[in-house]
Structure formats: structure tokens, C-alpha cells
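For reference, the chains in residue letters:
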Amino acid sequence: MSDLPDLVKNWIGKTVVKVDHTVTVERGLWLTFCAAVQDGNPLYWEDAIAQEHTGRVIAPPALLAGWGSELDWYPGKQGHGVRPLELHFMLKEALGLPNGITIGVELEFHEPVHAGDKVQVEQMLRAVGDEKPTRLGIGRKWTIDVVYRRQDQVLLGLQTLEMLAYRTP
Amino acid sequence: MPMNPLPVVNTRLPELRVVVTTKAIIMGAIASRDWQPLHHDYPWSTSTGGLPNIVMNYYTQAGWISRYLTDWSGPQGRIARLKLSMRSSICPGDELVISGVIDSLEQESAERCWVKVSIEMAVGERIATTSQVRMALPATDSAPSPWSITAADWRP
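Now for a quick tour of the structure. (Residues numbered from 1 in each chain as written. Chains lettered and ligands numbered in written order. Predicted model: local features only at pLDDT ≥ 70, side-chain atom pairs only at ≥ 80, totals over all residues. Heavy atoms only, no water.)

### Observations regarding empty space enclosed by the protein
In the structure shown here, the tally under the stated rule is two cavities of 30 Å³ or more. In this model, the largest cavity occupies a volume close to 80 Å³. Residue composition of the lining of the largest cavity, by class: nine nonpolar, one polar and two charged. By volume, the second largest cavity amounts to about 40 Å³. Along the walls of the second largest cavity sit Asn-41, Tyr-44 and Pro-61 of chain A together with Ser-66, Thr-70, Gly-77, Arg-78, Ile-79 and Trp-147 of chain B, which together make up its complete lining. For the lining of the second largest cavity, the secondary structure elements donating two or more residues are helix H3 (58-73) and strand S2 (78-86) of chain B. For the lining of the second largest cavity, a count of residues per class yields four nonpolar, four polar and one charged. (1 Å grid on protein atoms, 1.4 Å probe; cavity = no way out; pocket = protein on both sides within 12 Å on 5 of 7 lines; lining within 4 Å. Points joined across faces, edges and corners; volume = space filled by probe spheres on them. Nonpolar A, V, L, I, M, F, W, Y, C, P; charged D, E, K, R; others polar. Helix = DSSP H or I, 4+ residues; strand = E, 2+ residues; numbered from the N terminus.)

### Structural notes on the layout of surface pockets
Computed from the structure, the largest pocket encloses a volume of approximately 650 Å³. Forming the boundary of the largest pocket are 46 residues, of which Gly-100, Ile-101 and Thr-102 of chain A together with Leu-38 and His-39 of chain B lie nearest the centre. For the lining of the largest pocket, the secondary structure elements donating two or more residues are helix H5 (86-95), strand S2 (99-109), strand S3 (119-128), strand S5 (137-150) and strand S6 (155-167) of chain A together with H3 of chain B. Here the lining of the largest pocket takes five residues from S2 of chain A, the largest share from any one element.

In short, shape yes, function no, at least from these values alone.
Spelled out as C-alpha cells, the structure:
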């Protein structure tokens, strides 16, 4: 990692991005996700069934990370705003690697997410690999850890992402 | 599904077959507020992105796996950990075959058990994504739902 710019070296092992609030969790937003994967789990759709398990309907746990991402436009938005996994984009820009894909994800779920929740996000850089040839072009891998909390600091989940960023030949 | 009798290790879960459409990939990306062009912009994906087509994002893949497992377990199944390793892209036109096998069963108490399930998302002979999931289940039909476990006792 000796070829890394000082800016990036200084990020390793630290929380680099904190997002206080992007969208407030709403049932209508998560039902669109359920429709995309044809998920009829009644915990997401039906209050009467959800009541005996989760008290009221919950958001699909698989959508946890999405609650840290902004709408693509809102009144007064400046520039690109907070991008999904902002730290990944900061790394791509700092290292001159314009393209990126997710190659591995691990999610650990804690308290379920409900309508009205405001999700806070902390993104930490764990490690950055050396630049080397990949099947998509010259690239690097990096690992980002993310913590998701509710507005009252209750833990919602933990996530580790393995990313590959690259420039096409 | 009734959890009495308990799931058996090495049991294969029923396959789920899905023909992936452009609409479904874009719907999953937009619903997860993932605005990156590789999930909705074909010209960008195939030129700048160097990809074969637009590709399904990881949120949507996690959503399919979660749906696959809870279709089997019923709503009482509570996923604790979900790990995905993406080996190749999932694109429009792919026939996705999702399959799973129970790797282990741990009975934590008279009321609660944990299963670990290995899942594959395949397109023909090609493995697109592999996944390992840990899920809490009630140990009997009359046991409390794992969703009732308090934060202090929840050990994912």
C-alpha cells in the first residue's frame, strides 16, 4: 500500500463518512423493493400478521443499506449530494479509478427497521489493496465497514463490503 | 413452514427459477436508491463500464436471497447474517436458478434453533453469486417467534 496517496493512507482504520439522515423510512418505499424481488413476506405487507412477530410491519432487512442513500433529486440539492456508499466514491476519485463494482458483502442484522425511522450511517475504511490488472482493467480492491443506527442510536446492522474499482483499457 | 420436525442438515431447499428482466434490475436499483449507471444505463455499462449489460445490484441480490429463504421458513424466520460473494454479473435475459442446502442446525434452547444455509444463484452452468445465511427459527410450532428476541439476547 506504499503507493497510496497520503489522503487515502490517512483514511485507513478511521470513520471517514458520517451520514445523519437521508430519507425517512416509509412503507411505500420498501414495497417497491419487495415488488422488484416478488417478496410477499407478510412482515413487510400485512399489519395483522406482522403484529404477532414484529409488532407492526417492518422494512425488508436486505434493504438496510438503502436507507443511507439519498433521493436522486430534492429541492435545494447541490451537486451529487451523498452518494450510496460515499466513501467508495471518494476512494475512486482519490485513486483515479472511475468504475467500481461490489464483489462481496456481509450483512449482520440487529433491530428491524420500521416506518418513521431515520437511519444514521458511519463508513470506515478497513484496507486498500495494491493496483493490479483485473479482468475489467487496472484496478484495486478495498474493504469498507459500515454501521447503521437508528436516530436514537439503536443498532440496526453492520456491513462489510469488498469493492473492486477499475479503469477500462 | 412448520418447524416441527426441525429442519435436517443437508436438506436441499426447493429451487426458485426467475427470468431476469431489465425492468426488474432497474426497479431493484431505484428502490434501493442506487443511482449508478451500471444498474440502469445499457450504453454506459457496455462501453465505459466494460460490462456485458446492465447488472443486478447487490441489494437486489440480497433481496432475492432473503425472499427465497423466507418463502421456505415463513415469516417467523429471522435472518441474522447474510454474506454474498459475487463471481459474475446477473443481467437481463438470464434465467436465474436459486438453490440452497442446509449446512448446519444448532438448537440453542427448547424454543429456538439456528440454521446455516448455503445458497447459489446460477445462470446455466455459471455460478453468479454464492451466499451463506444464518437464520433463527422457532424450535417448535408453539415456540415464540425469533422476532421477539430482545436486542440484549440477539446474537447474530
